[in-house]
Amino acid sequence: MEAVARAAHVGQTDKAGRPYAEHLSAVAQGVRLRGGDDEQIAAAWLHDAVEDDALSEDWLRGAALSRRTKDIVLALTKRAGEPPEAYAARILATPGAPLVKEADLAHNADPARLAVLDAATRTRLTEKYTRMRALLGLPGGG
């Protein structure tokens, strides 16, 4: 899934202007280090693909992936106007998804990554990530 994810996000950058594939790689590595399995690692590579319109839900439905991997990707796909509580509940209800989201939040909240952002953005994102960690019952959730 790495090659598919890298191709889907080619040309995209994160909030700090870094190639988006660096984030995907870090999340996949975070899943691996947390003991995640191959299905979770595949989902980590694809966790933002549908949300960012890099790949369509139709593509995901037809992809040669396990049902569990597809379910994790869809659980991690935020929907327009969705309250954080509903998003967190869907993640918690999807086997394998909380670990992938934990790795995603860990990379998003990395102080070195946040340090290059302006103070207002850094504060907003830190509060957002802390709230999501709390909703998911993860350490560091305030």
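Please read these numbers as outputs of a predicted model, since none were measured by experiment.

Quick notes on the rules
- Residues numbered from 1 in each chain as written.
- Predicted model: local features only at pLDDT ≥ 70, side-chain atom pairs only at ≥ 80, totals over all residues.
- Heavy atoms only, no water.
- Helix = DSSP H or I, 4+ residues; strand = E, 2+ residues; numbered from the N terminus.
- Expected span 1.5 Å × (residues − 1).
- Buried < 20%, exposed > 50% of the residue type's maximum accessible area, 1.4 Å probe, protein only.
- Arc of directions from axis to C-beta.
- Contact = heavy atoms within 4.5 Å.
- Polar contact = N/O pair within 3.5 Å; in protein donor to acceptor, adjacent residues only side chain to side chain.
- Axes fitted to C-alpha atoms, helices over the stretch in contact; angles between N-to-C directions.
- Parallel < 35°, antiparallel > 145°, perpendicular 65-115°, else oblique.
- Left-handed = near helix turned anticlockwise from the far one by under 90°.
- Nonpolar A, V, L, I, M, F, W, Y, C, P; charged D, E, K, R; others polar.

Engineer: Explain helix α2 (residues 20–33) to me, please; I cannot follow it from the model alone.
Structural biologist: Its 14 residues give α2 an end-to-end C-alpha distance of 20 Å, which sits within 8% of 20 Å, the value for a rise of 1.5 Å per residue. Those residues of α2 that fall on the buried side of the exposure criterion are Tyr20, Ala21, His23, Leu24, Val27, Ala28, Gly30 and Val31.

Engineer: Would you explain helix α9 (residues 119–136) in this entry?
Structural biologist: Residues spaced three or four apart along an α-helix point in a common direction, a consequence of the helix completing one turn every 3.6 residues. Here α9 spans 26 Å end to end across 18 residues, near enough to the 26 Å set by a 1.5 Å rise per residue. Taken together, the buried positions of α9 are Thr121, Leu125, Tyr129, Met132, Arg133 and Leu136. Each buried residue of α9 sits inside an arc of 100° when the element is viewed along its axis, so together they form one side. Opposite the packed face of α9, turned more than 90 degrees from it, sit the exposed residues Ala120 and Glu127. Looking at the buried residues of α9, the elements they touch are α6 (84–92), α7 (97–108) and α8 (111–115). Its side-chain oxygen 3.2 Å from the backbone nitrogen of Ala120, Asp118 forms the N-cap of α9. Of the residues trailing α9, Gly137 is marked for its positive phi of about 75°.

Engineer: What exactly am I supposed to notice about the environment of Ala28 here?
Structural biologist: Along the chain, Ala28 falls in helix α2. Discounting chain neighbours no more than four positions away, the residues touching Ala28 are Ile41, Ala44 and Trp45.

Engineer: Please explain the side chain of His9 as it appears in this structure.
Structural biologist: Following the sequence through the fold, His9 ends up in the loop between α1 (2–8) and α2. Overall, the relative accessible area of 2% leaves His9 in the buried class. Residue contacts for His9: discarding those within four places in its chain leaves Tyr20, Leu24, Asp48, Ala49, Asp52 and Ala54.

Engineer: How should I be thinking about the packing of α2 against α7 in this particular structure?
Structural biologist: Packed helices, taken two at a time, are described by their axes: the angle between them and the distance between them. Running from amino to carboxyl end, α2 crosses α7 at an angle of 130°, the nearest separation of the two axes being 8 Å. Between α2 and α7, the angle is such that the two are oblique. The way α2 lies across α7 gives a crossing that is right-handed. Facing Glu22, His23, Ala26, Val27, Gly30 and Val31 of α2, the residues of α7 in contact are Leu99, Val100, Ala103, Asp104, His107 and Asn108. Here the contact of α2 with α7 is built from residues that sort into 6 nonpolar, 4 polar and 2 charged.

Engineer: Would you take a moment to explain the environment of Arg32 for this structure?
Structural biologist: Tracing the sequence through the fold places Arg32 in helix α2. For Arg32, a relative accessible area of 43% translates into the label partly exposed. A sequence separation of 77 residues divides Arg32 from Ala109, and the C-alpha atoms of the two residues are 18 Å apart.

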